[in-house]
Amino acid sequence: MNNAETPFEFVTVSYLTRIGNQSAGTLAELLTGLEHCSDASIFHHTFQTLGSHHFLTEGFSNDFAQWVLADANRDDLAEQLAALDVRDYVSIAALRGDLCRVVGEYCKAFPHFAGQSALERFYFCESTEVTVPLGRSARTLDEFRDGIAHLSHAGFYFHFISSRLRLRLQTNDFSHWLADGLGLRTLADSVNRIDIYTNTLDSSREKLLRLIDRERRRV
Amino acid sequence: MSEILTLNRIPLQDYAELLGEGEIEELRALAKPLRGRSMEMINSTAVGGGVAEILTRLLPLAEELELAMQWNVMTGGEDFFEVTKSFHNALHGAPYHASQRDFDIFLAYNERNRTKLPLDAEFVVIHDPQPAALIEARAPGSNHWVWRCHIDLSHPHRAVWDFLEKFVSRYDGAMFSSPEFSKQLPIPQYLFYPAIDPLSEKNQELDPEFIAEVLARYQIDPQRTILTQISRFDRLKDPVGVIRAYRIVKRYFDCQLVLAGGSASDDPEGAIVLKEVLREANNDPDIKVLELPAWAPLEVNALQRASTIVIQKSLREGFGLTVSEALWKKKPVVASAVGGIPVQIIHKHTGMLSHSVEGTAYQIRFLLSHPEIAAKLGERGHQHVKENFLITQKLKRYLTLFLSMARGT
């Protein structure tokens, strides 16, 4: 079995939610908020919310889409916002650009809805990230499998979802190490194709472990 | 003199069995850099009330992680607690005539406590308005002080808030249960949720025989639909509105309504509301109005577990932990979209939100017509609580805050 030169270091993450000073009561105000809020706020309401609500696999994608659906009552716009897939983005700027474009185009096309009051206001918050090492590393596929199996939800989320922004690549920590550390590019690609929107973190992890097991049986 | 509280040990392994080893390993990893650093929690009551209930469970957990966390309780006379009760109500928006005498009493007791409490920990967490002025005792140096506000500050009495704000703005951060409750302050504000303990008497698994015994005691038929609201008899919990919603539901479904809350005997306003509730119930044998003892966690647990649907039709709410309690038990919940409830109930995902008597009745009818959807909501609600509103998550948030402050992030 291959030994990686650079070990995979398992870490975990914890987020503090900081309350911002912007809020929105209409779609037009949501657009203004999206244009001016911090990057940490866009991250909080898209990437981070996907981690903290991972058990919802039907129709929940990000906080903006959920607010537009449940409070602003605009199903069509909610669908468009929910369709934005964080895996397509390696920078918050690009994600913010698309969020603003979708909401802006909608407000332009339906100006009478843009100023309509929502049931509840949307409050912009931010995530403050604190990472800590778990003191566990892997050099082989067996050790790697064992580490993943023992990760908390937050640790799994950190390596599998939020890592895309850190790496600035359309991949995740696991796939990155499998390809670069162990040279297992096919396995790395398969892992990267696991759908984080239709799977929970638990079912994503199960799929990942099954893929690793298949590879272990092969070698 | 301050009270240093000693609490029963709760083995971390008991939580690992419920939450998984990975979650406990994560807590240990977060706690490790904080070992040997002092933390102090200060509030104004050792027993009774949500804060004391949470701290009672939080401290032993911290101890399991080998953290030096202390809990001290400030002391005060009757005059102090009368003033702070008026402040509490005023901060919730109740009418209040501001008097210099009240402010003086508040300051005098805070000053007295400053000399008695240690207040020298590296991380000091002050809970609620009563001890807020202890910040005056902060020694110059690098220790961190944060203020945890458990109450709804969305419509505070101006004079009381202006008075408190002078102290609050001197902390390093403030924590609120909902973004709606936050204020314009020059310090960072964080979202901190209250939490339930899955191993406490109120939330632990119960023997079905005990549940049956509780139902029999209160003459509730386990074979028929049971709608339940657990809340003290308070107009802000809208028990009369719950009865009106039940009456609409009753036109379509055979059901019973349980309204259970603490005894109103020592609460003059509660006694008046209880009378209003009984009048509205009009001797309907299917409406059970239960005055429970002040501390009846096992009965509350049993009633929640026996319910078909749990209701929380509050008009205003700080957080409404009864919602998390019901969700933890995988119950479908219909609740008002007020205060911290929408954080717990993500509409159509972890429960149903409503805005009126008619809306509440409609959502109950919908769930009774679609038990498979009700079951799914209960299942997801349980996951949501597991992820966000358990005592272990609360400790994790505190550790994250302390680490973040220590690292200057």
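Please refer to the structure higher up on the page.
The notes below deal with the structure included here. (Residues numbered from 1 in each chain as written. Chains lettered and ligands numbered in written order. Predicted model: local features only at pLDDT ≥ 70, side-chain atom pairs only at ≥ 80, totals over all residues. Heavy atoms only, no water.)

### With respect to the overall build of chain B
At step 1: When helices and strands are counted, chain B shows 15 helices and 13 strands.
At step 2: Expected size for 409 residues packed as a compact globule is a radius of gyration near 22 Å; at 22 Å, chain B falls within 12% of this value.
At step 3: Along the first, second and third principal axes, the C-alpha set of chain B runs to 65 × 55 × 35 Å.
At step 4: Taking all contacts inside chain B whose residues are at least 6 apart in sequence as the whole, residues at least 24 apart take part in 72%.
At step 5: Element-wise, carbon and sulfur atoms account for 51% of the exposed surface of chain B, whose accessible area totals about 16,500 Å².
At step 6: Both charge centroids of chain B, one from 45 positive and one from 52 negative side chains, sit 4 Å from each other. (Helix = DSSP H or I, 4+ residues; strand = E, 2+ residues; numbered from the N terminus. Rg over C-alpha atoms; globule rule 2.2 N^0.38 Å. Contact = heavy atoms within 4.5 Å. Areas by Shrake-Rupley, 256 points an atom, 1.4 Å probe, with all protein chains shown as cover. Lys, Arg positive; Asp, Glu negative; His and termini not counted. Charge placed at Lys NZ, Arg CZ, Asp CG, Glu CD.)

### Side note on the overall build of chain A
At step 1: Within chain A one finds 11 helices and two strands.
At step 2: In chain A, the succession of helices and strands from N to C terminus is β-α-α-α-α-α-α-β-α-α-α-α-α.
At step 3: Along the first, second and third principal axes, the C-alpha atoms of chain A reach 65 × 30 × 25 Å.
At step 4: Expressed as a percentage of the 219 residues in chain A, the buried residues total 58%.
At step 5: Taking all contacts inside chain A whose residues are at least 6 apart in sequence as the whole, residues at least 24 apart take part in 76%.
At step 6: If the 22 positive side-chain charges of chain A are averaged to one point and the 29 negative ones to another, these points end up 5 Å apart. (Buried < 20%, exposed > 50% of the residue type's maximum accessible area, 1.4 Å probe, protein only.)

### Details of unusual backbone geometry
Residue and element names in this part refer to chain B.
At step 1: Phi is positive for Asp128, close to 70°, though the residue is something other than glycine.
At step 2: Its identity is not glycine, yet Lys348 carries a phi of approximately 70°, on the positive side.
At step 3: Looking at Lys348, the relative accessible area reads 55%, which means it is exposed.

### Some remarks on the side chain of B:Arg305
All names here are of chain B.
At step 1: For Arg305, the position within the fold is in helix H10 (residues 297–306).
At step 2: Within the structure, Arg305 has its side chain in polar contact with the backbone oxygen of Asn203 (distance 2.8 Å).
At step 3: Setting aside anything within four residues of it in sequence, one finds Arg305 in contact with Asn203, Gln204, Glu205, Leu206, Ile211, Lys329 and Lys331. (Polar contact = N/O pair within 3.5 Å; in protein donor to acceptor, adjacent residues only side chain to side chain.)

### A closer look at the side chain of A:Asp63
At step 1: Position of A:Asp63 among the secondary structure elements: in helix H3 (residues 63–70).
At step 2: Of the side chains bearing the opposite charge, B:Arg397 lies closest to the buried A:Asp63, which forms no salt bridge; the N-O distance is 13 Å.
At step 3: Among the polar contacts listed, one links the side chain of A:Asp63 to the side chain of A:His45, at a separation of 2.9 Å.
At step 4: With near-sequence residues (within four places) excluded, A:Asp63 lies in contact with A:His44, A:His45, A:Thr49 and A:Phe122. (Salt bridge = Lys/Arg side-chain N within 4 Å of Asp/Glu carboxyl O.)

### Focus on the interface of chain B and chain A
Think of interface size as the accessible area that goes away when the parts come together; that is how it is often given.
At step 1: The interface is formed by 38 residues belonging to chain B together with 36 residues belonging to chain A.
At step 2: Summing both sides of the interface, chain B and chain A together bury roughly 3,000 Å²; the carbon and sulfur share of this comes to 61%.
At step 3: Per-residue buried area on chain B facing chain A is highest for B:Glu25, B:His349 and B:Glu387; these three make up 17% of the total on that side.
At step 4: Where chain B meets chain A, there are one salt bridge.
At step 5: Counting residues per element, the ones that place at least two in the side of chain B that touches chain A are helix H2 (21–31), strand E7 (189–191), helix H14 (371–388) and helix H15 (391–407) of chain B.
At step 6: Per-element accounting of the side of chain B that touches chain A gives the leading share, seven residues, to H15(B).
At step 7: Across the side of chain B that touches chain A, the residue classes break down as 13 nonpolar, 15 polar and 10 charged. (Buried area = accessible area lost by both parts, 1.4 Å probe. Nonpolar A, V, L, I, M, F, W, Y, C, P; charged D, E, K, R; others polar.)

### Some thoughts on the sheet that holds strand E11 (residues 309–312) of chain B
Residues and elements named next belong to chain B.
At step 1: Across the sheet, which stays open at both edges, the six strands sit in the order E10-E9-E8-E11-E12-E13 with parallel pairing between neighbours. Looking at which strands have only one partner, the edges of the open sheet turn out to be strand E10 (287–292) and strand E13 (352–354). Strand after strand, the sheet turns through a mean of 20° between neighbouring axes, direction not considered.
At step 2: The sheet contact formed by E11 and strand E12 (residues 333–336) spans three bridges and is parallel. Counterpart to Ile311 in the pairing with E12 is Val334.
At step 3: Sitting on the sheet, helix H8 (residues 239–250) is in contact with strand E8 (225–230), strand E9 (255–262), E10 and E11, with an inclination near 170° to E9. (Pairing = 2+ DSSP bridges. Axes fitted to C-alpha atoms, helices over the stretch in contact; angles between N-to-C directions.)

### Quick look at the packing of H8(B) against helix H13 (residues 357–369) of chain B
Residues and elements named next belong to chain B.
At step 1: Relative orientation of the contacting elements H8 and H13 amounts to 45°, with a least axis distance of 8 Å. By the angle between their axes, H8 is oblique relative to H13. Viewed along their axes, H8 and H13 form a crossing whose handedness is right-handed. Together, Gly241, Arg244, Ala245, Ile248 and Val249 of H8 and Val357, Glu358, Thr360, Ala361, Ile364, Arg365 and Leu368 of H13 make up the contact between the two elements. (Parallel < 35°, antiparallel > 145°, perpendicular 65-115°, else oblique. Left-handed = near helix turned anticlockwise from the far one by under 90°.)

### A few points about the nonpolar core
At step 1: One finds A:Leu30, A:Leu81, A:Phe144, A:Phe174 and B:Trp147 to be the most contacted residues of the largest nonpolar core, which totals 173 residues.
At step 2: Dropping the residues within four chain positions of it, A:Phe144 is found in contact with A:Phe8, A:Phe10, A:Ala138, A:Phe174, A:Trp177, A:Leu178 and A:Ile212.
At step 3: Of all hydrophobic cores here, the second largest spans 28 residues; its members include B:Val240, B:Val242, B:Ile248 and B:Cys255. (Core = buried A, V, L, I, M, F, W, Y, C linked by side-chain atoms within 4.5 Å.)

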